[in-house]
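# Results of the structural survey
So you can see what is in the structure, the chains are spelled out below.
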Amino acid sequence: MDPFRFTIQARSGRARVGLLTTPHGRVETPLFMPVGTQGSVKGLLPKDLKAIGSQVLLANTYHLLLRPGPERVQALGGLHRFAGWDGPWLTDSGGFQVMSLGHLRRIDEEGVVFQSHLDGSLIRLTPERSIAIQEALGADFIMAFDECPPYPSSPEYLKASLERTLRWLERSLKAKTRPDQALFGIAQGGTDAGLRALSTRETLRFDLPGYAIGGLAVGETKEEMFPMVALSTEILPEAKPRYLMGVGHPEDLVAAMGLGVDLFDSVYPTRTGRFGSALVPEGRINLKNAQYLEDKRPLEEGCDCYACQTFSRAYIAHLVRAEEMLGGILLSLHNLRFLHRLTERAREAIRQGSYGAFAREFAERRFGKEI
Ligand SMILES: Nc1nc2cc3nc(NCCc4ccc(CCO)cc4)[nH]c3cc2c(=O)[nH]1
């Protein structure tokens with residue numbers, strides 16, 4: 001039986017609730033994946049991630065290659081055992097992180113050569129090596145090695161890049177040996193509708209358990225991004241999960257779920273939490289602002305997370321000002337719970353056939369009035 005079966009449980013417009021089976025348990029989509037780049041979701045314990053409803057965690061090939069190295073992770077039992085998370089893991093393939101973090105020295109047909117951001121050593125990543133690393137790490141979902149073109153890029157560059165990414169997808173697939181891992185192809189094409197459609201259609205020629213929408217959330221406007229998401233989900237098959245990479249603002253999740261996206265990830269909730277901000281229905285509140293120092297209310301009325309059930313805004317504002325670790329920890333916990341509750345409510349609305357009303361109510365609270 002297919003270890004990665006995906007079945008649609010309910011629909012409301014283009015939004016859908018899915019059940020995705022993995023070797024580490026079944027998960028319900030749409031879902032948000034907390035980012036644990038180096039094998040840890042910064043500041044949060046796996047048991048607390050489980051308690052707030054996290055289902056799948058994301059880690060990065062680039063970072064784990066540099067430190068501690070895939071051989072060590074494999075020798076220590078693979079990501080699940082090593083990092084104490086027995087639910088599904090997804091690893092990104094390293095290409096994007098090289099562009100955004102490493103000091104890229106060269107990109108050619110073979111792959112990329114970059115300098116480590118840790119010690120400047122020269123490292124080569126190819127489709128074959130990326131897959132070998134992801135197999136050693138042992139994630140359930142692994143990503144093809146691709147190039148995420150910088151934004152903006154010329155149509156000529158976008159076209160050449162997406163064609164190379166398709167050749168790298170073929171090499172990634174050929175390099176794959178583990179039947180207990182699902183390889184996702186990643187469509188590119190930037191914000192050029194013709195090239196986006198071309199890349200998505202060509203990626204579909206490979207029969208894969210899921211498809212990622214790449215090359216977005218790289219600095220383009222929402223007005224540029226969303227037509228590409230809509231175009232992508234029109235082309236991608238209904239029966240396979242769709243993963244929009246790097247998208248994590250609440251309003252963007254609500255819009256993309258409405259367009260039929262199933263999987264999301266972003267460092268946004270945990271990063272903005274570490275920087276002192278809490279996600280709330282109206283948007284975001286920054287606890288560094290003095291107005292919260294006497295505010296007895298929880299971060300968000302009605303939130304069931306430990307931070308909202310136990311502490312006031314005043315206390316968390318104090319922690320943030322005092323640069324106490326607990327400040328960032330509580331805000332990260334709340335922000336992830338906020339996104340998990342958002343996807344839980346979205347799944348419920350889809351089951352009720354009322355996703356449109358859900359999205360309108362969300363937008364009214366988010367954009368209807370100033371905080
Ligand atoms: N393999 C691969 N991975 C990707 C990861 C991505 N992540 C993004 N966007 C996230 C970028 C991002 C970075 C930092 C913050 C916090 C500050 O608000 C938020 C978003 N776009 C992405 C595109 C790709 C892609 O084509 N291919």
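A brief report on the enclosed structure follows. Every value quoted in this text rests on a predicted model; they were computed, and no experiment measured them. (Residues numbered from 1 in each chain as written. Predicted model: local features only at pLDDT ≥ 70, side-chain atom pairs only at ≥ 80, totals over all residues. Heavy atoms only, no water.)

### Structural notes on helix 14 (residues 325–351)
This is how the line gets drawn: A run of H or I in DSSP counts as a helix once it spans at least four residues, and a run of E counts as a strand once it spans at least two, with each numbered from the N terminus. Expected helix span is given by 1.5 Å per residue-to-residue step, counting one fewer step than there are residues. For every residue, the accessible area (1.4 Å probe, protein chains only) is compared with the maximum for its type, and the residue is labelled buried under 20%, exposed over 50%, or partly exposed between those bounds.
Helix length check: helix 14 (27 residues) gives 39 Å between terminal C-alpha atoms against 39 Å at 1.5 Å per residue, within 8%. Most of helix 14 is tucked away: 20 of the 27 residues are buried. Where helix 14 ends, the next residue or the one after it, G353, has phi of about 70 degrees, a positive value.

### Considerations on the sheet that holds strand 2 (residues 15–22)
For the record, the criterion: At least two bridges found by DSSP between two strands is the condition for calling them paired. Lines fitted to the C-alpha atoms define the axes, with helices restricted to the stretch that makes contact. Angles between their N-to-C directions range from 0 to 180 degrees.
Read from one edge of the open sheet, 3 strands run 1-2-3, paired in antiparallel fashion. Sheet topology places strand 1 (6–12) and strand 3 (25–29) at the edges, where each strand pairs with a single neighbour. Averaged over all pairs of adjacent strands, the angle between strand axes in this sheet comes to 15 degrees, irrespective of strand direction. In this structure, strand 1 lies alongside strand 2, joined through 6 bridges in antiparallel fashion. Bridge pairing links I8 to G18 in strand 2.

### Things to note about the nonpolar core
Where we set the bar: Among buried residues, the Ala, Val, Leu, Ile, Met, Phe, Trp, Tyr and Cys ones that are joined through side-chain atoms within 4.5 Å form a nonpolar core. Here, two residues are considered to be in contact whenever any of their heavy atoms come within 4.5 Å of each other.
Among the nonpolar cores identified, the biggest contains 74 residues, and L244, F264 and Y355 are the most heavily contacted of them. It is helix 14 that contributes the most residues to this core, 8 residues altogether. Beyond its immediate sequence surroundings of up to four residues, L244 is in contact with I213, L216, V229, A256, V261, L263, F264 and D265. Within the second largest apolar cluster, 19 residues are counted, among which are L20, L31, F141 and F184.

### Considerations on helix 7 (residues 155–175)
In this model, helix 7 (21 residues) spans 30 Å end to end at C-alpha, consistent with the 30 Å of a helix rising 1.5 Å per residue. Within the sequence span of helix 7, burial applies to L158, S161, L162, R164, T165, L166, W168, L169, R171 and S172. Where the residues of helix 7 are buried, they touch strand 7 (103–107), strand 8 (112–115), helix 6 (127–137), strand 11 (182–187) and helix 8 (193–204).

### Let's talk about unusual backbone geometry
The linkage connecting T29 with the following residue, P30, adopts the cis geometry, with an omega of 0 degrees. With respect to the helices, strands and loops of the structure, P30 is situated in the loop between strand 3 and strand 4 (31–34). Even without being glycine, A217 reaches a positive phi, approximately 55 degrees. With a relative accessible area of 35%, A217 lands in the partly exposed category.

### Section: the pairing of strand 9 (residues 122–125)
With burial as the criterion, only one face of strand 9 is covered, namely that bearing I123 and L125; the residues L122 and R124 on the opposite face remain uncovered. Strand direction decides the pairing type here: strand 8 and strand 9, joined by 4 bridges, are antiparallel. Each residue of the ladder has a partner; that of Q115, found in strand 9, is L122. Following strand 8, the chain reverses through 6 residues before pairing antiparallel with strand 9; G120 in that reversal takes a positive phi of roughly 75 degrees.

### What about the state of the cysteines?
Put simply, the rule is: Cysteine sulfur atoms are paired as a disulfide whenever they come within 2.5 Å of each other.
The final tally for this structure, using the stated rule, is 0 disulfides. In this structure C303 is a free cysteine whose sulfur lies 3.7 Å from that of C305, the closest cysteine sulfur available. Given a relative accessible area of 2%, C305 falls into the buried group.

### Some remarks on the packing of helix 10 (residues 250–258) against helix 15 (residues 355–368)
Counted only if it meets this: Roughly parallel covers angles under 35 degrees, roughly antiparallel covers those over 145, roughly perpendicular covers 65 to 115, and oblique covers all other angles. Each crossing gets its hand from how the near helix is turned against the far one by less than a right angle, where anticlockwise is left-handed and clockwise is right-handed. Note on residue categories: nonpolar means Ala, Val, Leu, Ile, Met, Phe, Trp, Tyr, Cys or Pro, charged means Asp, Glu, Lys or Arg, and polar means any other residue, Gly included.
In the contact formed by helix 10 and helix 15, the axes pass within 11 Å of each other and the chain directions differ by 160 degrees. When the axis of helix 10 is compared with that of helix 15, the two are roughly antiparallel. As for the relative orientation of helix 10 and helix 15, their crossing is left-handed in sense. Contacts from P250, E251, L253, V254, M257 and G258 in helix 10 reach Y355, F358, A359, F362, R366 and F367 in helix 15. Tallied by class, residues from the contact of helix 10 with helix 15 come to 9 nonpolar, 1 polar and 2 charged.

### Topic: the pattern of salt bridges
What counts is decided by this rule: Only one rule defines a salt bridge in this text: a Lys or Arg side-chain nitrogen within 4 Å of an Asp or Glu carboxyl oxygen.
Taken as a whole and assessed by the stated rule, the structure comprises 26 salt bridges. Among the salt bridges present, the one from R347 reaches E28, with a minimum N-O distance of 3.4 Å. One end of the pair, R347, is in helix 14; the other, E28, is in strand 3, with 319 residues separating them in the sequence. We classify R347 as buried; its relative accessible area is 7%. R205 is paired through a salt bridge with E202; the nearest N and O atoms lie 3.5 Å apart. Since its relative accessible area comes to 66%, R205 is described here as exposed.

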